[in-house]
Amino acid sequence: MGHVDAHAIDREAIRELAYRYAAGVDRRDEDLFLSAFHPDATLTVVRAGADGQDKVRVLTGHSELAAVPHLIARYAKTFHFVGNHRCEVAGDDATGEVYCTAHHLET
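This one's a predicted model, so the numbers in the text were calculated from it and none came from an experiment.

A. Geometry of the layout of surface pockets. Taken as a whole, the largest pocket holds about 1000 Å³ of empty space. Broken down by secondary-structure element, the contributors of at least two residues to the lining of the largest pocket are α1 (8–27), β1 (42–48), β2 (54–60), α4 (68–71), β3 (77–90) and β4 (93–105). Among the elements that take part in the lining of the largest pocket, β4 stands out by supplying eight residues, more than any other. Residues of the lining of the largest pocket, tallied by class, amount to 21 nonpolar, eight polar and six charged.

Below is the structure:
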């Protein structure tokens, strides 16, 4: 039997956060979306502006984050594809990155 990675379960739980985020947005499911965030989490959204300047919006806490599935509803459909995922777990701390391609269909 091979070596058991002590943090494999933690990494899978973290990976699941990205999946809940994507599914919550695409389904416009506020509860599912919020389940990916700690109640006092902060989400920074950066969008390219028409003037070439990035537009930054910071949402903090479930009360502000709850707006995301409703804001995204301006699109006829969305599809968030979660790709590469990497994280390092050290005790109670974890850092990493997730690649996600977001498709927003207007009609």
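B. Geometry of the packing of aromatic side chains. Evaluated as defined, the whole model comprises four aromatic pairs. Plain terms: the ring middles of Phe33 and Phe37 are 5.1 Å apart, the flat faces sit at 50° to each other, and that makes the pair tilted. As far as the burial class goes, Phe33 and Phe37 line up, both buried. Three or more aromatic residues joined by ring pairs make a cluster, and in this case those are Tyr21, Phe33 and Phe37.

C. Highlighting the nonpolar core. If you look at the biggest cluster of nonpolar residues, it comprises 13 residues, and the most contacted ones within it are Val25, Phe33, Leu34, Phe37, Leu43, Leu65 and Val68. Those residues in contact with Val25 that sit more than four places away from it in its chain are Phe33, Val68, Ile72, Thr78 and His80.

Rules of the game
Residues numbered from 1 in each chain as written. Predicted model: local features only at pLDDT ≥ 70, side-chain atom pairs only at ≥ 80, totals over all residues. Heavy atoms only, no water. 1 Å grid on protein atoms, 1.4 Å probe; cavity = no way out; pocket = protein on both sides within 12 Å on 5 of 7 lines; lining within 4 Å. Points joined across faces, edges and corners; volume = space filled by probe spheres on them. Helix = DSSP H or I, 4+ residues; strand = E, 2+ residues; numbered from the N terminus. Nonpolar A, V, L, I, M, F, W, Y, C, P; charged D, E, K, R; others polar. Phe/Tyr/Trp six-rings, centres within 6.5 Å; stacked < 30°, edge-to-face > 60°. Buried < 20%, exposed > 50% of the residue type's maximum accessible area, 1.4 Å probe, protein only. Core = buried A, V, L, I, M, F, W, Y, C linked by side-chain atoms within 4.5 Å. Contact = heavy atoms within 4.5 Å.

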